[in-house]
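The primary structure of each chain is shown beneath.
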Amino acid sequence: MTTNAVSKCPFTGAPDLAPASHEQQVDVPVLLEDPFEESNLADPHPMHKRLRDADADVVYLPAYDIYAVARYEAVLDTLENWQDYSSAAGVGLSNFNKEEPWRTPSLLLEADPPKHDAPRATLEKILGARQLRRFQTDWTNTAHRLVDGLLTNAQHQTARAIELDAVTEISEVYPLSVFPDAVGLQQGGLDNLLPYGNFAFNAFGPRNRLVTDELDTIGPVMEWVGQQCPRDALNPDSFGGDIWRAADQRNITEEQAPLIVRSLLTAGVDTTVYGISAVLYHLASNPEQYARLREQPQLVRRVFEEALRLESPVQTFFRTTTRKVQIGDTTLPENQKILMFLGAANRDPRRWDNADDFDLDRDPSGHLAFGSGAHQCVGQHVARLEASCVLDALIERVEGIEFAAPPVRKINNTLLGWHSLPLRFIPA
Amino acid sequence: MTAVDNASNSDQLVVTQRLDRSTSVTEFVLERRDRRRLPDWAPGAHIDVVLPSGKIRQYSLCGDRWAPHQYRIAVQRDDLGGGGSVELHTELKPGDTISFGGPRNNFRLAPAQSYRFIAGGIGISALLPMIAQANLLGLEWQLLYLGRNLERMAYQELQERYPERVTVHASQNAGRISIREWLGSPPDDTMVYACGPESLLEALPEACSDLPETTLRTERFTNTMADAIVSSEPYEIKLQRSGRVVEAPGNTSVVDVLANAGVDVITSCSQGVCGTCEVDVLAGEIDHRDAILDDDERATNTCMFPCVSRSLSERLVLDL
Ligand code: HEM
């Protein structure tokens with residue numbers, strides 16, 4: 001790890017600082033961090049601390065000519081203030097005002113009000129908690145079948161325990177066995193979903209190896225995703241069908257419908273895979289809390305939220321200033337990228353006591369793993385339902401969880417998670 | 001007004017300005033005392049205003065959503081109504097406080113290439129943000145603004161600003177007008193948005209019968225809402241599963257009460273928007289303040305969003 005000089009010097013390099021502001025030239029901490037360097041992606045927490053502990057709510061990162069916020073309050077303010085911080089110029093490093101996006105921009109994630117309004121209202125309704133109740137029984141049964149299958153067919157079975165890789169045998173399996181069906185996909189090819197999500201979340205970062213290595217193979221994957229979005233590709237009794245019905249009612253246009261289906265396929269798979277891995281990782285790391293969860297199954301929801309807070313599967317998103325904006329003593333120029341560290345905010349000691357601990361006595365309300373404000377994750381109830389189905393099935397059949405070998409990080413420009421989680425399950 | 005204004009009472013709004021918009025319409029500018037952001041809204045939204053007397057009234061938001069710390073509502077004084085508008089007009093002065101629920105939106109502006117807006121009287125207030133949005137997006141639009149008496153009709157300056165787009169018609173001077181003729185045959189991808197009294201809305205399906213069925217969207221501005229009085233009396237929350245009973249002071253959301261008693265309900269947005277904290281209600285009458293449930297869902301009285309909502313009855317039994 002490189003040691004980073006945290007120098008507080010008058011920052012004059014920002015493009016576009018209007019002459020008027022010269023007199024009140026402000027100081028902004030300049031940090032020589034590269035948040036997308038692989039060592040930081042694998043272990044971002046030391047860097048997060050340096051970012052939070054810099055002398056201001058906002059810092060400048062010359063590595064990419066961007067500003068960044070990492071403290072809880074500053075991240076929350078930036079997320080909620082869509083008037084000053086636009087999503088339409090892209091929520092990655094690339095500024096769509098200057099560069100061509102790699103795909104047609106999302107009508108949700110990469111849109112501002114008023115264009116964001118209709119797609120958002122439509123999805124909010126379709127993915128609302130009450131609408132999801134119809135999946136409860138089916139998703140519960142699927143989770144039980146998965147866990148039962150693992151316990152009976154495990155490759156590595158000892159007298160008392162089974163060993164497995166929780167990433168490839170649970171986290172990646174469960175979402176793929178419930179979510180594509182719920183979206184209405186019916187043509188096979190589901191093995192395209194994880195590479196697509198992985199690429200999309202890498203593409204929010206710089207064009208590093210993580211992006212360029214995939215450029216050769218991503219074409220057909222994108223094509224497959226595009227083919228799943230038209231009305232006739234989708235089972236009518238599904239989220240996708242609901243989206244197309246909203247177009248029939250003219251709440252959205254026919255041109256918007258397929259792109260809204262695409263949003264579900266981009267944002268709804270990898271995120272939950274990482275989310276389920278996060279909660280399994282923290283339960284394996286805290287056996288006494290797993291025991292407590294088995295005694296108090298009503299804690300399932302809190303367990304998931306606390307794991308999301310600590311892990312923040314979606315670590316970062318960008319915004320772009322719509323005008324000159326003031327954060328504390330710092331003036332950001334117009335059309336300037338600003339990076340929000342959700343993961344750093346979720347462990348900010350200014351907001352959380354013992355912020356790095358997985359603690360079931362804490363109230364995790366207000367964590368920013370799903371964002372906040374106008375773009376707050378519209379799929380959050382889906383994520384919660386999937387996770388609680390898996391956890392319910394697990395605590396019923398598995399008495400203890402422990403590591404069988406050290407877990408291995410997966411590297412992604414935006415997502416924080418695990419490539420493998422070798423676990424040992426002790427059946428109940 | 002004596003309402004307490006503290007952090008947990010974030011539904012408190014202070015009147016910062018009153019603007020007379022016609023002989024009978026006053027616009028109220030509302031902000032939080034600390035000028036924090038208010039919950040987001042989109043054209044067509046309304047808030048439930050809880051008046052100092054405890055009366056609840058619904059008013060469309062007619063301001064600018066790019067001013068996130070401020071709501072504006074336009075209130076037509078109705079001396080024959082239930083007293084809400086008169087209370088606002090005669091008693092609410094700058095510096096006074098009201099509380100609010102929502103914003104909720106049953107009248108969303110759907111995407112289209114052109115719009116026809118039809119306002120009856122104070123119904124204009126719901127359409128103002130729609131007109132602003134159509135302008136912002138550079139879309140073609142026309143407004144027909146109907147009323148009885150020109151002096152009572154607010155925001156007529158629209159006609160000076162957009163003479164080609166706006167028709168103001170007062171029946172007292174000019175008799176009735178044919179809406180069908182005014183509509184003519186609009187371009188294919190047109191939507192018609194109308195807000196006004198029942199009598200206007202009833203006439204519209206017929207006037208729009210040549211257009212596709214999905215074209216017409218309406219909202220009634222009259223407050224047909226039951227004249228429920230919100231109580232600020234203390235109430236009691238029973239947690240069915242644990243059997244605990246918690247005393248709640250009036251004017252406090254259920255989450256705040258439970259948190260003080262050491263019972264955490266997981267919340268996320270704390271604004272009644274995201275739906276994270278939904279709980280089932282087994283008995284009692286709910287004072288809904290969220291932005292999620294529509295009127296029918298509210299009426300079933302079976303679930304609530306405790307981060308903002310509270311109790312109308314003396315006792316609320318929750319499935320917790
Ligand atoms: C644990 C799992 C998940 C996490 C951590 C997560 C995280 C997030 C975050 C942080 C945002 C905010 C983006 C921003 O502010 O720019 C977001 C937005 C979004 N999420 Fe999720 N998400 C998860 C699951 C899902 C699922 C299951 C779906 C689909 C069913 C989904 C669909 C979306 C969509 C469409 C948006 C864009 C919303 C908008 O811009 O209005 N997400 N998500």
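Residues numbered from 1 in each chain as written. Chains lettered and ligands numbered in written order. Predicted model: local features only at pLDDT ≥ 70, side-chain atom pairs only at ≥ 80, totals over all residues. Heavy atoms only, no water.

Visitor: Is there a simple way to explain the packing of helix α6 (residues 136-153) of chain A against helix α8 (residues 173-183) of chain A in this structure?
Guide: All names here are of chain A. At their nearest, the axes of α6 and α8 sit 10 Å apart, and the two run at 155° to each other. Comparing the axis directions of α6 and α8 gives the class roughly antiparallel. The two elements α6 and α8 meet at a crossing, and its hand is right-handed. For the pair α6 and α8, the contacting residues are W139, T140, T142, A143 and L146 in the first and V173, Y174, S177, V178 and A182 in the second. Looking at the contact of α6 with α8 residue by residue, the class counts come to 7 nonpolar, 3 polar and no charged. (Axes fitted to C-alpha atoms, helices over the stretch in contact; angles between N-to-C directions. Helix = DSSP H or I, 4+ residues; strand = E, 2+ residues; numbered from the N terminus. Parallel < 35°, antiparallel > 145°, perpendicular 65-115°, else oblique. Left-handed = near helix turned anticlockwise from the far one by under 90°. Contact = heavy atoms within 4.5 Å. Nonpolar A, V, L, I, M, F, W, Y, C, P; charged D, E, K, R; others polar.)

Visitor: So what exactly am I meant to see when it comes to the coordination of the iron atom of the ligand here?
Guide: Ideal coordination angles are 109.5 degrees for a metal with four donors arranged tetrahedrally and 90 or 180 degrees for a metal with six donors arranged octahedrally. Within the protein, a single donor atom binds the iron atom of the ligand, namely C377 of chain A (SG) at 2.3 Å. Among the structural elements, C377 of chain A can be located in the loop between α17 (342-345) and α18 (380-397). (Donors = N, O, S within 2.8 Å, 3.2 Å for Na, K, Ca; no water.)

Visitor: Just to check I follow, could you spell out the interface of chain A and chain B for this structure?
Guide: A common measure of how large an interface is: the accessible area buried when the components associate. With 32 residues of chain A in contact, the opposing surface of chain B contributes 36 residues. In total, about 2,800 Å² of surface goes out of reach between chain A and chain B, with carbon and sulfur atoms giving 43% of it. Where chain A packs against chain B, one counts 6 salt bridges. Measuring nitrogen to oxygen at the nearest pair gives 3.2 Å for the salt bridge that ties D189 of chain B to R250 of chain A. Here chain A is connected to chain B by 20 residue pairs in polar contact (both at pLDDT 80 or more). Residues belonging to the side of chain A that touches chain B are distributed by class as follows: 9 nonpolar, 11 polar and 12 charged. (Buried area = accessible area lost by both parts, 1.4 Å probe. Salt bridge = Lys/Arg side-chain N within 4 Å of Asp/Glu carboxyl O. Polar contact = N/O pair within 3.5 Å; in protein donor to acceptor, adjacent residues only side chain to side chain.)

Visitor: When you look at the domain arrangement of chain B in this model, what are you seeing that I'm missing?
Guide: All names here are of chain B. By the assigned domains, chain B splits into domain 1 (9-103), domain 2 (114-220) and domain 3 (235-318). Across the contact, 18 residues belong to domain 1 and 15 residues belong to domain 2. Applying the counting criterion to the domain 1 and domain 2 interface returns 0 salt bridges. Inspection of the domain 1/domain 2 interface yields 4 residue pairs in polar contact (both at pLDDT 80 or more). Mapped onto the side of domain 1 that touches domain 2, the elements with two or more residues apiece are β2 (25-31) and β5 (70-76). Each residue belonging to the side of domain 1 that touches domain 2 can be placed in one class, and the counts come to 7 nonpolar, 7 polar and 4 charged. (Domains from an automatic or database assignment.)

Visitor: Is there a simple way to explain the packing of helix α14 (residues 270-285) of chain A against α18 of chain A in this structure?
Guide: Geometry of a packed helix pair, given as the angle between the helix axes and the separation of the axes. Residues and elements named next belong to chain A. Running from N to C, α14 and α18 cross one another at 40°; their axes reach a closest spacing of 10 Å. By the angle between their axes, α14 is oblique relative to α18. The chirality of how α14 crosses α18 is right-handed. Packed against α14, whose contacting residues are T272, I276, V279, L280 and L283, the element α18 presents A383, E386, V390, L391 and L394 at the interface. In terms of residue class, the contact of α14 with α18 is made up of 8 nonpolar, 1 polar and 1 charged.

Visitor: What should I look at first to understand the sheet that holds strand β10 (residues 190-196) of chain B in this one?
Guide: Adjacent strands of a sheet pair through backbone hydrogen bonds, lying either parallel or antiparallel. Residues and elements named next belong to chain B. With parallel pairing, the 5 strands of this open sheet are ordered in space as β9-β8-β7-β10-β11. Of all strands in the sheet, those with a lone pairing partner are β9 (166-170) and β11 (216-220), marking the two edges. Each neighbouring strand pair of the sheet contributes to a mean axis angle of 10°, computed without reference to strand direction. Relative to β9, strand β8 (residues 140-147) is paired through 5 bridges, and the arrangement is parallel. (Pairing = 2+ DSSP bridges.)

Visitor: How do you make sense of the environment of E311 of chain A when you look at a structure like this?
Guide: Residues and elements named next belong to chain A. Inspection of the secondary structure assignment puts E311 in helix α16 (residues 300-311). With 233 residues separating them in the primary sequence, E311 and T78 have C-alpha atoms 20 Å apart. The residues contacting E311, other than those within four sequence positions of it, are A278, Y281, H282, R409, L416 and W418. A distance of 3.0 Å separates a polar atom in the side chain of E311 from a polar atom in the side chain of H282. Separated by 3.1 Å, the side chains of E311 and R409 make a polar contact.

Visitor: Looking at this structure, how should I read the site of the ligand?
Guide: All names here are of chain A. Around the ligand, the structure places 26 residues, and the nearest of them are H116, R120, R319, H375 and C377. The side chain of R120 places a nitrogen or oxygen atom 2.8 Å from an oxygen atom of the ligand. Contacts to the ligand include R319, whose side-chain N or O atom sits 2.8 Å from an oxygen atom. For the shell around the ligand, the secondary-structure elements that each account for two or more residues are α14, β8 (316-321) and α18. (Near = heavy atom within 4 Å.)

Visitor: Would you mind going over the packing of aromatic side chains with me for this structure?
Guide: For any pair of aromatic rings, the description consists of the separation of the ring centres together with the inter-plane angle of the planes. Summed over all chains, the structure comprises 20 aromatic pairs over all chains. Relative to F239 of chain A, the ring of F179 of chain A lies with its centre 6.5 Å away and its plane at 50°, an arrangement referred to as tilted. Remark: F239 of chain A occurs in helix α12 (residues 239-248) and F179 of chain A occurs in helix α8; sequence separation between them is 60 residues. Members of the aromatic cluster, connected to one another through ring pairs, are F107, Y115, F117, W141, Y162 and Y193 of chain B. For the cation-ring pair, R309 of chain A lies above W352 of chain A, with the distance from its terminal atom to the ring centre recorded as 5.2 Å. (Phe/Tyr/Trp six-rings, centres within 6.5 Å; stacked < 30°, edge-to-face > 60°. Lys NZ or Arg CZ within 6 Å of the ring centre and 35° of its normal.)

Visitor: I would appreciate a short explanation of unusual backbone geometry in the present structure.
Guide: Note: most peptide bonds trans; most residues except glycine with negative phi. All names here are of chain A. Residue P114 is reached from P113 by a cis peptide bond, and omega for that bond is 5°. Relative to the helices and strands, P114 is located in the loop between β5 (85-86) and α4 (117-126). Although it is not a glycine, R250 adopts a positive phi angle of roughly 65°. As for its position among the elements, R250 is in the loop between α12 and α13 (256-267).

Visitor: Help me out: how do you make sense of a nonpolar patch on the surface in this one?
Guide: All names here are of chain B. On the surface, W66, L136 and L137 cluster together into a nonpolar patch covering about 260 Å² of accessible area. As for its position among the elements, L136 is in helix α2 (residues 124-136). Given the relative accessible area of 52%, L136 is considered exposed. (Patch = residues over 30% accessible without salt bridge, like charges linked within 9 Å, V, L, I, M, F, W, Y side chains within 5 Å. Areas by Shrake-Rupley, 256 points an atom, 1.4 Å probe, with all protein chains shown as cover. Buried < 20%, exposed > 50% of the residue type's maximum accessible area, 1.4 Å probe, protein only.)

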